[in-house]
Amino acid sequence: MNFFSELCNRVIYLAVILLIAAGLFNILPASYSWNAQQIANEWNGELRVKLPEKIEIYPLNTKGWLVQQAQCGDFFFDMHSKELKGMEKNDFLTEEPPKRLMETFQQYQLENVTLKDQKRETIHNVGVRHYSFTGEKQGKDYEMEVITTPRHDMLVMTYIYHAGSKKAKDEVEESISSLEFVERDK
Amino acid sequence: MNIIWKLIKLFLVLISIGVIAAYRNAPEEGFRWHEAPEMSTQEFDCLWYPFKANLSDGKVLAMDLPMEVVENHESTSWTPFVELTSYESKGEHSEGYIKMMHGVLKESQTLTFDQQFFGKLYLSQARNLQVNDTGIRRAGGMKFNVIQGETNQSKEAFMGAQNGKDVWCICIAWSKEAKDEDFVIDAFEKSLDSMKIQ
């Protein structure tokens, strides 16, 4: 009987320890294990963004754009980059959503894409335009956050996640706010 | 009192077993109390380019391609066609390649889709193929005869099907060095699954 009582106590102790561990997991910031990854390499430094998964180069032809993707659990990350000039570049800097961006949404088969908000902002030392969209795909609602920044190449980062997912939204915001240009050591 | 305490303890033990079981079955990246609305890796992976081509009977063949293609009118010499149009992907850094051919016959006749036939359409690309496998694959309501094999640099599949006077041939190829071979094959598979005649 004593043995049984002792076993019960140990089961309860173990559960309490696991509950505390689980509590700590939830308290710790989500990005504690995220890595800052290079998304553009320039002559005087590199542009980095934090993501929970490694960015992979898209292996198929994409109209001359370099496409990189990362499946990040609660959200999907896409980055298109290409050297642009003149009008084509200006298209990414206006208040109107860039035409090329709408093409990307079409290529991901997102429908009823609606622009919710757009603003210019500076994240750390990087000037960007930030667009927020909603869209649908196969009966599911999605939210898309898009960051465009004209560097040597035009960079277009698109984050897609299930509409209403607070966790995904927080993670996307955290990833966006991690964007920074790191100067190379002189 | 003793009984009440024992019942409380039993209740705690049951709850604890539930907690331990949940912890053991939790996803690797950590324990979660609420169901995480994770996105499936299938939700967003491939970029799709809608493709449409008119058939001789007025219908339209539609499919989603994983790559953009460029349309060209091809010579019909050495072929049984009166019209031949190719749709080919162009991409220097792509690990995958697709070239579709749409031929229109003058009169309905039955063609044999063998290596010799594909050699007339795709020239050395098909002629140098070391055939590993042959079979049948249905797509868009058509029955494609498939020849699969490899050359020195790439793995290739040639497919041919006939729908009355319209003949469709598809060559898909991917580099032997492709880092993401499964992704490329999966993209081509999904593309064929999306084919329909409307």
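Residues numbered from 1 in each chain as written. Chains lettered and ligands numbered in written order. Predicted model: local features only at pLDDT ≥ 70, side-chain atom pairs only at ≥ 80, totals over all residues. Heavy atoms only, no water.

Looking at this structure, I do not really get the overall build of chain A. What am I missing?
Looking only at helices and strands, one finds four helices and 10 strands in chain A. Secondary structure of chain A in N-to-C order comes out as α-β-β-β-β-β-α-α-β-β-β-β-α-β. A globule of 186 residues ought to have a C-alpha radius of gyration of about 16 Å, yet chain A, at 21 Å, is considerably larger. By its C-alpha atoms, chain A is 85 × 50 × 30 Å across when sized along the principal axes. The buried share among the 186 residues of chain A stands at 46%. Within chain A, contacts between residues at least 6 apart in sequence are counted, and of these 47% link residues at least 24 apart. Per element, the accessible surface of chain A, about 9900 Å² overall, is 52% carbon and sulfur. (Helix = DSSP H or I, 4+ residues; strand = E, 2+ residues; numbered from the N terminus. Rg over C-alpha atoms; globule rule 2.2 N^0.38 Å. Buried < 20%, exposed > 50% of the residue type's maximum accessible area, 1.4 Å probe, protein only. Contact = heavy atoms within 4.5 Å. Areas by Shrake-Rupley, 256 points an atom, 1.4 Å probe, with all protein chains shown as cover.)

Help me understand the overall build of chain B, please; the structure alone is not making it clear to me.
Helix and strand counts for chain B come out as four helices and 10 strands. Taken from N to C terminus, the helices and strands of chain B fall in the order α-β-β-β-β-β-α-α-β-β-β-β-α-β. At 26 Å, chain B has a C-alpha radius of gyration far larger than the 16 Å of a compact globule built from 198 residues. C-alpha atoms of chain B, sized along the principal axes, occupy 100 × 40 × 30 Å. Across chain B, contacts joining residues at least 24 apart in sequence account for 50% of those joining residues at least 6 apart. Accessible surface, chain B as shown: approximately 11400 Å² in total, 50% of it carbon and sulfur. Side chains of chain B carry 20 positive and 28 negative charges; the gap between the two charge centres is 5 Å. (Lys, Arg positive; Asp, Glu negative; His and termini not counted. Charge placed at Lys NZ, Arg CZ, Asp CG, Glu CD.)

Where do I start with the packing of aromatic side chains in this structure?
The geometry of an aromatic ring pair comes down to the distance between the two centres and the angle between the two planes. Summed over all chains, the structure comprises 19 aromatic pairs over all chains. Taken together, a centroid distance of 6.3 Å and an interplanar angle of 20° make the contact between Y87 of chain B and W168 of chain B stacked. Linking Y87 of chain B in strand β4 (residues 81-89) with W168 of chain B in strand β9 (residues 166-175), this pair joins segments that are 81 residues apart in sequence. On the basis of relative accessible area, W168 of chain B is assigned to the buried category, the value being 1%. Among the aromatic side chains, those forming a connected cluster through ring pairs are F81, F113, F117, F118, Y122 and F158 of chain B. Its guanidinium or amino end placed over the ring of F44 of chain B, K137 of chain A lies 4.5 Å from that ring's centre, counting from NZ or CZ. (Phe/Tyr/Trp six-rings, centres within 6.5 Å; stacked < 30°, edge-to-face > 60°. Lys NZ or Arg CZ within 6 Å of the ring centre and 35° of its normal.)

How do you make sense of the sheet that holds strand β3 (residues 69-73) of chain B when you look at a structure like this?
All names here are of chain B. Across the sheet, which stays open at both edges, the seven strands sit in the order β3-β4-β5-β9-β8-β7-β6 with antiparallel pairing between neighbours. Each end of this open sheet is capped by a strand with a single partner; those strands are β3 and β6 (130-139). Geometrically, the sheet is characterised by an average inter-axis angle of 15° between neighbouring strands, direction not taken into account. Bridge count between β6 and strand β7 (residues 142-150): nine bridges; the pairing is antiparallel. (Pairing = 2+ DSSP bridges. Axes fitted to C-alpha atoms, helices over the stretch in contact; angles between N-to-C directions.)

Whenever I open this one, the environment of S77 of chain B confuses me. Can you help?
All names here are of chain B. Inspection of the secondary structure assignment puts S77 in the loop between β3 and β4. A relative accessible area of 43% means that S77 is categorised as partly exposed. When the C-alpha atoms of S77 and L121 are compared, they prove to be 9.7 Å apart, with 44 residues separating the residues in sequence. A distance of 2.9 Å separates the side chain of S77 from the side chain of S75, its partner in a polar contact. (Polar contact = N/O pair within 3.5 Å; in protein donor to acceptor, adjacent residues only side chain to side chain.)

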